[in-house]
Amino acid sequence: MTSRYTPPDESTLGGLVRPSGARSSTRRGSPTSTHASALGSGFLGLGVAIIAALQSMIGIALFLLRVDAYPSVLPIAAAWLLLMVTFLGLTITISASGERLPDWLYAVFLAALAAVVWLDIVAIAPLGNVGQYATASISAGFVLLVIVTLRPRWEVLVATTALGLALVGAILVTTPLTPVTIPSQLAAVALAVGPGIAGVLLVQGFERMLKRELDRVLVQSTVTAPRLAVGMLASEELARLDLDAEQLLEAVATGEAPLPLPENYAARASTLATELRLHLIEGRRETWLVHAISESEHLGPRVTVSDPASLAGLLDDVQRDSLLAALWLLAADPAGPASPRAVTVALGPLDQERAGTSGQGLVIPLRIEATGMRRNRVDPGVWEALDRVGRYSDSTVSGTVVVELDCTVENPADAARPQ
């Protein structure tokens, strides 16, 4: 669902029509688009480097245990020496250059790993069992982990695939495939390509988690907003309009724009005036909940808000924070963004018979519908959060979880009445 909060058509608001060419106040970039390497993936790189070093030590130990079986020790010794020099040199270079891996260094790194694999296969080919005797070529797959946080994911996957194909080709050419030898061959290929694939998935999951948490922090700032206000990202658009207005006034003051204004200047002034009025109107009909949903990359595609009377603005800070937390948990889906899960939030209308007498506050009816999920799949934290919003009851209708709440809030009329 891509269409969220649907306020009245702007063409009906005071006769104002957004002129063609007028820029809206939608965000131009993602507030959570910061690359993860700037916010902690360097620690992931350090962790996988330690894993690669430990596995290399195991590989060297296996090589030394089987050293008598090799027809010639020189190629395999050269492979291990080249792998260690490449690994240590790359680690030192990355640390000294501020966790950057330029293209030329990446090409040298891949060439060195290709030489390691070739030397290893040359050394063990006469033995007729690549899966059992491969050591340096398998460790090369673990060394690829060092670059998972420094290069695009597809480059790591391509290098991992090339390594796997090289081992498969060597197995088909040199190793007789029998029920006895096949398991060791499959294990060797899996050990070689597994680290690269796992590293890519790890970094991808880390970046997804990081962006979601950053988005949560940004959206959380709307909890303390006034009942009716512009959104978090509206200040950028207002600053642009302010600059355009200053430039227009300066042109009039310096005589660049003669009076009466020429047609192009008049059209520009009309556009600025219309956009400013639209901003004022938006600030009088959009609540914190609308901005929290529409400006969130995580909630926006899944949650729809219907609040024609702007009742969400009457909730206190505790109720706002709890409602936002519940929606966040309901919208979170391990199946990913392609999942059909969707959440609808509807507030109102007020029931005057349940409004209560003076001093007892207002009761706002709130209805939440979560489609694409079952009742037993709802996170327990949802019910804990909703309990702080108001009294609720839940039911399941045709695969949709329906929660109805009665939110007791302070009556604005009582708050404005003098004591």
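Nothing here was measured: the structure is a model prediction, and the numbers come from that model.

Description of the confidence of the model for the protein
For the protein, per-residue confidence averages 77 on the pLDDT scale, and residues scoring 70 or more make up 76% of the total. Per-element mean pLDDT across the protein ranges from 57 in helix α13 (residues 412–416) up to 91 in helix α6 (residues 153–174). Contacts from residues 1–39, a stretch scored under 50 in pLDDT, to residues over four places away or in other chains number 76 contacts.

Concerning the environment of Leu347
Among the structural elements, Leu347 can be located in strand β2 (residues 342–347). Distance from Leu347 to Pro308, taken between C-alpha atoms, is 8.0 Å for residues 39 residues apart in sequence. Beyond its immediate stretch of four places on either side in the chain, Leu347 contacts Leu289, Ser306, Asp307, Pro308, Leu311, Ala312, Ile364, Pro365 and Leu366.

Quick look at a nonpolar patch on the surface
Residues Val168, Leu172, Val173, Leu177, Ile182 and Leu186 make up a contiguous nonpolar surface patch of about 590 Å² in total accessible area. Secondary structure elements with two or more residues in the nonpolar patch: α6 and α7 (182–220). Considering each element in turn, the nonpolar patch owes the most residues, three residues, to α6. With respect to the helices and strands, the residue Ile182 is situated in helix α7.

Digging into the sheet that holds β2
Ordered in space as β1-β2-β3-β5-β4, the five strands form an open sheet in which the pairing is mixed. Looking along the sheet, the strands with just one partner apiece sit at the ends: β1 (303–306) and β4 (391–397). Each neighbouring strand pair of the sheet contributes to a mean axis angle of 15°, computed without reference to strand direction. Pairing of β2 with strand β3 (residues 362–371), which is carried by six bridges, proceeds in the antiparallel orientation. By the bridge assignment for β3, Leu347 is matched with Leu366. On the sheet, helix α12 (residues 380–389) packs against β3, β4 and β5 (400–409) and is oriented at approximately 30° with respect to β5.

Brief notes about the packing of aromatic side chains
This structure, assessed with the given rule, holds two aromatic pairs. For the pair Phe63 and Tyr70, a centre-to-centre distance of 5.8 Å together with 50° between the ring planes defines the contact as tilted. By relative accessible area, Phe63 is classed as buried at 8%. For Tyr70, a relative accessible area of 5% corresponds to the buried category. Where Trp383 meets Tyr392, the ring centres are 5.7 Å apart and the plane angle is 20°; that geometry is what we call stacked.

A word on the pattern of salt bridges
Evaluated as defined, the whole model comprises seven salt bridges. Glu404 is the partner of Arg367 in a salt bridge, and the nearest nitrogen-oxygen pair spans 2.5 Å. Of this pair, Arg367 sits in strand β3 while Glu404 is found in strand β5, placing the two residues 37 residues apart along the sequence. Residue classification places Arg367 among the partly exposed positions, given a relative accessible area of 32%. We classify Glu404 as partly exposed; its relative accessible area is 40%. One salt bridge in this structure joins Arg388 and Glu384, with 3.8 Å as the shortest N-O distance. Pair noted here: Arg388 and Glu384 are both in helix α12, with a separation of four residues, about one helical turn. According to the relative accessible area criterion, Glu384 is exposed, its value standing at 53%. Among the charged side chains, a salt-bridge network with shared partners connects Asp103, Arg151 and Glu155.

Comments concerning the pairing of β5
Most of β5 is tucked away: seven of the 10 residues are buried. Sheet analysis places β3 next to β5, joined by 10 bridges and oriented antiparallel. Counterpart to Ile364 in the pairing with β5 is Cys407. Where β4 lies against β5, seven bridges are found, and the strand directions are antiparallel. Among the inter-strand pairings, Asp394 is bridged to a residue of β5, identified as Val403. Where β4 folds back on β5, the antiparallel hairpin that results is connected by two residues, among which Ser398 adopts a positive phi of roughly 50°.

Analysis parameters
Residues numbered from 1 in each chain as written. Predicted model: local features only at pLDDT ≥ 70, side-chain atom pairs only at ≥ 80, totals over all residues. Heavy atoms only, no water. pLDDT = per-residue confidence, 0-100. Helix = DSSP H or I, 4+ residues; strand = E, 2+ residues; numbered from the N terminus. Contact = heavy atoms within 4.5 Å. Patch = residues over 30% accessible without salt bridge, like charges linked within 9 Å, V, L, I, M, F, W, Y side chains within 5 Å. Areas by Shrake-Rupley, 256 points an atom, 1.4 Å probe, with all protein chains shown as cover. Salt bridge = Lys/Arg side-chain N within 4 Å of Asp/Glu carboxyl O. Pairing = 2+ DSSP bridges. Axes fitted to C-alpha atoms, helices over the stretch in contact; angles between N-to-C directions. Phe/Tyr/Trp six-rings, centres within 6.5 Å; stacked < 30°, edge-to-face > 60°. Buried < 20%, exposed > 50% of the residue type's maximum accessible area, 1.4 Å probe, protein only.

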